[in-house]
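This is what each chain is made of:
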Amino acid sequence: MSTLVYINSRDGIAKNAYEAITYAKKLGQEVIAITTGDADDSLLATAGEYGASKVLVDKSIATDDAQQVTRVIASAVEATGANTVVFSNDLVAKAVAPRLSVRLKAGLISGAIAIPEGDTIKVNVFSGKAFGNVKINSDKKIISLLPNSIQPEQTGSACSVEEFNGNGGEAKIKLLEVKKPEGEIPLPEAEIVVSAGRGLKGPENWGMIEELAKELGAATACSRPVADIGWRPHHEHVGQTGVAIRPNLYIAAGISGAIQHLAGVNGSKVIVVVNTDAEAPFFKAADYGVLGDAFEVIPKLTEAIKKFKASN
Amino acid sequence: MKILVCISKSPDTTSKIAFTDGNSKFDENGVQYIINPYDEWYALVRALELKEANGGSVSVITVGTAPDDAIIRKALAIGADDATRIDAEATDAYFVAMQIANYAKENAFDLVMTGKETINYNGSQVGGMIAEAMGLPFVSLASKMDVAGSTATLETEIVGGIQTVEVELPAVISCAKGMAEQRIPNMRGIMAARTKPLNVVAASSVDVLTSFESYTLPDAKTTCKMIDPENMDELVKLLHQEAKVI
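Note that this is a predicted model, so its numbers are computed, not measured.

1. Observations regarding the overall build of chain A
Here is step 1: Helix and strand content of chain A: nine helices and 15 strands.
Here is step 2: The C-alpha atoms of chain A give 21 Å as radius of gyration, which agrees with the globular expectation for 312 residues (20 Å, within 12%).
Here is step 3: Counting only residues that meet the buried cut, chain A has 58% of its 312 residues in that class.
Here is step 4: Intrachain contacts of chain A at a sequence separation of at least 6 include 67% that bridge at least 24 residues.

In structure tokens:
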């Protein structure tokens, strides 16, 4: 039996794809990766370094159309006899994995955060306020792993890449335009996130947040009220009704830490809170707290980071 | 244009999350259920705006039991024309999606809309499953949607940006922030909701593919270490040496 891993190679291979291969390897079966598009074979072959025995690529599929990708993966499941399919639970997987579940009549666990224990897998539920242990009752199984839940492990060497025709059919969704702001780090994949709230008093004061983020190689984020009044774009809103993130380090300035905000960030490994209010609920969820004015603390922190980088 | 909006119940965002029966069941004691915010604020309200602009009807559907009629009445008060409740416990996403797909196949909708995920299970599964079961295109995480004739133009989130796509209806759309603004039902809406049709239909026979065996709560954080605001070098040192995150 084998495990099939879907990896997206549209704009290179992101770290979360290597996490998914590492995860698949830990399930103990042969791991075969499947992808679509025209990425270089030398890039695709790196899947082998994380445990894949080979990569199947359907070069006839030019976009991430979920219907086409689903058909290709289903064909690959049939061709390889795989009983398990692993995804990284990113934006493409959120459209493809549910379709595949219906197509294969395979139970889907989305948002897995650990390798199986017995016959259950741990997932994030209630927006990070609890964990569920889920069992799949069907013979075929689909697991979609939350990004940044495990570290990629380089254990092998480059593997072979084989062309595969997965009969993807026609795309029904027509792509008109793609807009990607230059130089921004996508929030869901960021390992460090610097975030700010209403305590910053206005959008003109975000310069110091962006500067700190730049020094740390971090993505920027914000609280819900800040996105709602238009100080920052909606895609930066983290929290229960925004993006849920689990970076290694989350730095929050001028955010009180309402329960809805915590729900989106409590998967962070380390939380630093800067606030003038000693009673701010966020301090209870933080690892490190700074009781002080963000307008003074953040520039000092940026200077300290610069000094640290210069001496390391 | 006929629009079907799928709604789910979820605990109020301030609910205390606890479990009973040996941590195998969500503790509903004292929990107030609301319409899942993504379903209400974005899918339902955008559907109503499209109806107001282009004519047609907005129906809501949920898979649930009699107590869930309360959230259905709220959806009717906000402005939906009619509602259907498939009378069954919502066991897993596959079960819910297949119930809705079986219903929608027989009722020729131009658009089926869902929220991007529920705030209790966060699965983002039902929309894609409905689409596959109906053989329809699925546009996920749309933050903007306009319809002209039988063509919908949408903006959706992609890694590191947004894309604009076009799709011929019928289609299934999952809705994220940006689609619309929350609407508070007014007294007239609340009164009208009492007499709008709420059809209860029997569930079809569908397998349950996944089951939640148990739940656990995260460990409480140990106490927060306070750092002198004048000494950010100390914070950087701790993040490097103790927390090992930079």
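2. Focus: the domain arrangement of chain A
Many descriptions give the size of an interface as the accessible area lost when the pieces come together.
Residue and element names in this part refer to chain A.
Here is step 1: For chain A, the domain assignment lists domain 1 (2-163) and domain 2 (187-310).
Here is step 2: Between domain 1 and domain 2, the residue contacts involve ten residues of the former and ten residues of the latter.
Here is step 3: Among the residues making up the side of domain 1 that touches domain 2, the classes are represented as three nonpolar, five polar and two charged.

3. Thoughts on the pairing of strand β12 (residues 171-175) of chain B
Residue and element names in this part refer to chain B.
Here is step 1: Burial within β12 is extensive, with five of its five residues counted as buried.
Here is step 2: The two faces of β12 match: Ala171, Ile173 and Cys175 on one face and Val172 and Ser174 on the other face are all buried.
Here is step 3: Relative to β12, strand β8 (residues 111-115) is paired through five bridges, and the arrangement is parallel. Each residue of the ladder has a partner; that of Val112, found in β12, is Val172.
Here is step 4: Bridge count between strand β9 (residues 138-148) and β12: three bridges; the pairing is parallel.

4. Points about the sheet that holds strand β11 (residues 192-196) of chain A
Here is step 1: Spatial strand order, β12(A)-β11(A)-β13(A)-β14(A)-β15(A)-β15(B): six strands in an open sheet with parallel pairing. Edge positions in the sheet fall to β12 (219-222) of chain A together with β15 (225-227) of chain B, since each of these pairs with one other strand and no more. Averaged over all pairs of adjacent strands, the angle between strand axes in this sheet comes to 20°, irrespective of strand direction.
Here is step 2: One ladder, built from five bridges, connects β11(A) with strand β13 (residues 249-253) of chain A; its direction is parallel. By the bridge assignment, A:Val193 is partnered in β13(A) with A:Tyr250.
Here is step 3: Across the sheet, helix α9 (residues 294-310) of chain A is in contact with β13, β14 (270-275) and β15 (288-291) of chain A; its angle to β14(A) comes to roughly 135°.
Here is step 4: The sheet contacts of helix α6 (residues 232-242) of chain B involve β13 and β15 of chain A together with β15 of chain B, and relative to β15(A) the element is tilted by about 170°.

5. Observations regarding the nonpolar core
Here is step 1: Counting residues in each nonpolar core, the largest one holds 129 residues, and the members touching the most others are A:Val5, A:Ile21, B:Val5, B:Ala75, B:Ala97 and B:Ile130.
Here is step 2: Apart from residues no more than four positions distant in its own chain, B:Val5 is found in contact with B:Ala43, B:Leu44, B:Ala47, B:Val58, B:Val60, B:Ala80 and B:Met113.
Here is step 3: Counting residues in hydrophobic clusters, the runner-up holds 54 residues, among them A:Val193, A:Ile209, A:Cys222 and A:Leu301.

6. Looking at the sheet that holds β8(B)
Here is step 1: Taken in spatial order, the ten strands of this open sheet run β10(A)-β11(B)-β10(B)-β9(B)-β12(B)-β8(B)-β1(B)-β6(B)-β7(B)-β13(B), and their pairing is mixed. With partners counted over all chains shown, the strands left at the sheet margins are β10 (173-179) of chain A together with β13 (198-202) of chain B, one partner each. Sheet twist, expressed as the mean angle between neighbouring strand axes with direction ignored, is 30°.
Here is step 2: Judged from the six bridges that link them, β9(B) and strand β10 (residues 151-158) of chain B form a sheet pairing that is antiparallel. When the sheet's bridge partners are listed, B:Ala142 is paired in β10(B) with B:Thr156.
Here is step 3: Relative to strand β7 (residues 82-87) of chain B, helix α2 (residues 69-78) of chain B is tilted by about 160°, and along the sheet it contacts β6 (57-64), β7 and β13 of chain B.

7. Overview of the pairing of strand β8 (residues 141-145) of chain A
Sheet faces and side chains relate simply in a regular strand, where the side chains alternate between the two faces.
Residue and element names in this part refer to chain A.
Here is step 1: For β8, the buried fraction is high: five of the five residues fall into the buried class.
Here is step 2: What you see with β8 is no split at all: Lys141, Ile143 and Leu145 on one side and Ile142 and Ser144 on the other are buried throughout.
Here is step 3: Where strand β4 (residues 84-88) and β8 come together, five bridges link them in parallel fashion. For Ser88, the partnering residue across the bridge sits in β8 and is Leu145.
Here is step 4: One ladder, built from five bridges, connects strand β5 (residues 107-112) with β8; its direction is parallel. Bridge pairing links Leu108 to Ile142 in β8.

8. Some remarks on the packing of helix α3 (residues 66-80) of chain A against helix α4 (residues 91-104) of chain A
Residues and elements named next belong to chain A.
Here is step 1: Running from N to C, α3 and α4 cross one another at 50°; their axes reach a closest spacing of 9 Å. It follows that α3 is oblique to α4 by the angle criterion. Viewed along their axes, α3 and α4 form a crossing whose handedness is right-handed. For the pair α3 and α4, contact is made by Ala66, Gln67, Val69, Thr70, Ile73, Ala74 and Val77 and by Ala95, Val96, Arg99, Leu100, Arg103 and Leu104, respectively.
Here is step 2: Considering only residue class, the contact of α3 with α4 consists of nine nonpolar, two polar and two charged.

9. Details of the interface of chain B and chain A
Here is step 1: Tallying the contact residues gives 64 residues for chain B and 76 residues for chain A.
Here is step 2: Elements represented by at least two residues in the side of chain B that touches chain A include exactly α4 (126-134), β9, β10, β11 (161-168), β14 (210-216), β15 and α6 of chain B.
Here is step 3: For the side of chain B that touches chain A, the element with the most residues is β11(B), which contributes eight residues.
Here is step 4: Grouping the constituent residues of the side of chain B that touches chain A by class yields 35 nonpolar, 20 polar and nine charged.
Here is step 5: In this structure, strand β7 (residues 130-136) of chain A lies alongside β14(B), joined through six bridges in antiparallel fashion. Bridge assignment links A:Asn133 to a residue of β14(B), and that residue is B:Ser214.

10. A word on the confidence of the model for chain B
Here is step 1: Averaged over every residue, the pLDDT of chain B is 95; the share at 70 or more is 100%.
Here is step 2: Across the whole predicted complex the pTM is 0.91, and at the interface the ipTM reaches 0.93.

11. Quick word on α9(A)
Here is step 1: For α9(A), built from 17 residues, the straight-helix expectation of 24 Å at 1.5 Å per residue is met to within 8% by its first-to-last C-alpha distance of 24 Å.
Here is step 2: All buried positions along α9(A) are accounted for by A:Ala294, A:Val297, A:Ile298, A:Leu301, A:Thr302 and A:Ile305. What you see down the axis of α9(A) is that its buried residues fit within an arc of 135°, all on one side.
Here is step 3: Check the buried side of α9(A) and you find it contacts α5 (207-216), β13, β14 and β15 of chain A together with α6 of chain B.

12. Observations concerning the environment of B:Pro218
Here is step 1: For B:Pro218, the position within the fold is in the loop between β14 and β15.
Here is step 2: For the pair formed by B:Pro218 and B:Glu230, sequence separation is twelve residues and the distance between their alpha carbons is 33 Å.
Here is step 3: With near-sequence residues (within four places) excluded, B:Pro218 lies in contact with A:Phe131 and A:Asn266.

13. Examining unusual backbone geometry
Here is step 1: Put simply, B:Leu169 and B:Pro170 share a cis peptide bond, and its omega is 5°.
Here is step 2: Here B:Pro170 is to be found in the loop between β11 and β12.
Here is step 3: In the Ramachandran plot, A:Lys105 falls in the positive-phi region, its phi being about 50° despite a non-glycine side chain.
Here is step 4: Position of A:Lys105 relative to the elements: it lies in the loop between α4 and β5.

What counts, and at which threshold
- Residues numbered from 1 in each chain as written.
- Chains lettered and ligands numbered in written order.
- Predicted model: local features only at pLDDT ≥ 70, side-chain atom pairs only at ≥ 80, totals over all residues.
- Helix = DSSP H or I, 4+ residues; strand = E, 2+ residues; numbered from the N terminus.
- Rg over C-alpha atoms; globule rule 2.2 N^0.38 Å.
- Buried ≥ 20, exposed ≤ 12 C-beta atoms within 10 Å, placed from the backbone.
- Contact = placed C-beta atoms within 7 Å.
- Domains from an automatic or database assignment.
- Nonpolar A, V, L, I, M, F, W, Y, C, P; charged D, E, K, R; others polar.
- Pairing = 2+ DSSP bridges.
- Axes fitted to C-alpha atoms, helices over the stretch in contact; angles between N-to-C directions.
- Core = buried A, V, L, I, M, F, W, Y, C linked by C-beta atoms within 7 Å.
- Parallel < 35°, antiparallel > 145°, perpendicular 65-115°, else oblique.
- Left-handed = near helix turned anticlockwise from the far one by under 90°.
- pLDDT = per-residue confidence, 0-100.
- Expected span 1.5 Å × (residues − 1).
- Arc of directions from axis to C-beta.

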